[in-house]
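What follows is each chain in one-letter form.
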Amino acid sequence: MKAAVVRETGDASVLKVEPDFPTPKLGANQVIVKNQYAGINFIDTYHRKGLYVRDLPFVGGQEGGGTVAAVSDEATAAGIKVGDRVAYSVLGTYSEYTAVPVAKLLPVPDEVGLDVATSCVVQGMTAHYLTTSAHADLIKPGEWCLIHGVAGGTCQWAAQMAKLRGYKVIGTAPKGKKDVAEPLGCDELILVDEVPGTSYEDYTSVDVVSRIKEVTGGEGVKCVIDGIGKATVDISIDSLARRGIFVSFGNASGAVPAFPVLRLIGKSAYVTRPKLLDYTTDREELVWRANEVFGWLKEGKLKVAVDTTFPLEQATEGHLYLEAGKSKGKLLYEI
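Residues numbered from 1 in each chain as written. Predicted model: local features only at pLDDT ≥ 70, side-chain atom pairs only at ≥ 80, totals over all residues. Heavy atoms only, no water.

A.B. asks: Provide a residue-level description of the environment of D55, including the pertinent values.
C.D. replies: Tracing the backbone shows D55 in the loop between helix 1 (42-49) and strand 4 (58-59). Classification of D55 by relative accessible area gives exposed; the value is 69%. Along the primary structure D55 and N35 are separated by 20 residues, whereas in three dimensions their C-alpha atoms are 23 Å apart. (Helix = DSSP H or I, 4+ residues; strand = E, 2+ residues; numbered from the N terminus. Buried < 20%, exposed > 50% of the residue type's maximum accessible area, 1.4 Å probe, protein only.)

A.B. asks: Before we move on, can you summarise the sheet that holds strand 1 (residues 3-6) with the specific residues and values?
C.D. replies: Reading across from one edge, 2-1-4 is the order of the three strands in this open sheet, with antiparallel pairing throughout. What marks the edges here is a single partner per strand, and that holds for strand 2 (15-18) and strand 4. (Pairing = 2+ DSSP bridges.)

A.B. asks: Account for the packing of helix 1 against helix 9 (residues 315-323), with residues named and values stated.
C.D. replies: In the contact formed by helix 1 and helix 9, the axes pass within 10 Å of each other and the chain directions differ by 110°. Accordingly, the angle class assigned to the pair helix 1 and helix 9 is roughly perpendicular. In this structure, the crossing between helix 1 and helix 9 has a hand that is left-handed. Counted together, F42, D44, T45, R48 and K49 of helix 1 and H319, L322 and E323 of helix 9 form the full contact between these two elements. Of the residues assigned to the contact of helix 1 with helix 9, the class counts are two nonpolar, two polar and four charged. (Axes fitted to C-alpha atoms, helices over the stretch in contact; angles between N-to-C directions. Parallel < 35°, antiparallel > 145°, perpendicular 65-115°, else oblique. Left-handed = near helix turned anticlockwise from the far one by under 90°. Contact = heavy atoms within 4.5 Å. Nonpolar A, V, L, I, M, F, W, Y, C, P; charged D, E, K, R; others polar.)

A.B. asks: Outline the pattern of salt bridges, listing residues and values.
C.D. replies: For the structure on display, the rule yields 18 salt bridges. Salt bridges here are not isolated pairs; linked through shared partners, they connect R48, K49 and E323. (Salt bridge = Lys/Arg side-chain N within 4 Å of Asp/Glu carboxyl O.)

A.B. asks: Can you explain unusual backbone geometry? Please cite residues and give values.
C.D. replies: Backbone torsion omega between L56 and P57 reads -10°, so that peptide bond is classified as cis. Structurally, the position occupied by P57 is in the loop between helix 1 and strand 4. Although it is not a glycine, D137 adopts a positive phi angle of roughly 60°. For D137, the position within the fold is in the loop between helix 3 (114-132) and strand 9 (144-147).

Right under this line is the structure:
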């Protein structure tokens, strides 16, 4: 089968499309999905670079959507049929076919396109756990939440979901993506200069902390959702209100450096570094999150922007586009 494969870690050039990579075999409690789309996410670039270590060689990606091509007996017993439209998250989605455990499948409603459903699986589900669970209920409706990079993929979802949860939202975004950030409904939008050729912004171009203190009447925010990483860690911690929580979930500008826990004492603050797998620990939790997200999509309460769809043959170009900060929404491969 056709697949985009990493045989050595490195820059985007190591992601190569191979025409005859072995097609996965159907196992117990699995289905084979014929992929129509695969999502392109920052975590895929961390795998490719070796920041998050995987055994070589591997097929890239961990977000897919398509139709069921083959079913195990267990899948049949669960009511899954050949031809069903599904989305899912397992490793190895940059390929024509993927073997997917039944427990990982998300049935896609007819009202939701497969491209949008595929976009939901990692970015949408990540935004869901960030705004519903990762903050450990340390923020309540009516309180302030800071979300960095709301013009990017995951945090476009997160800003909208935070508003649906009743939080007051301060978003940061680059000036060049103001048109993307403004319609998201943030109560306050802080625009910063861009760093050309990167996936993050120049957070030194504006005194973000002072602006946040001004907006919040000097109190700060109860929750920070930060996928930028190294460039925003100081801003995030310094923006917290008393007993606020810093939720660090990404490394777009580089990994967050180590810092002494004593730094949190000023506001008795909390910090967490979550990941999606720990917030979809069983099928019940997975389906609950997916149903809520798909429900918002069907009701028109969430708007999803698919920026660019690359053919899988342009696998390298997809990663380069993401890492250069060009995206104003979700990036996909069409297979």
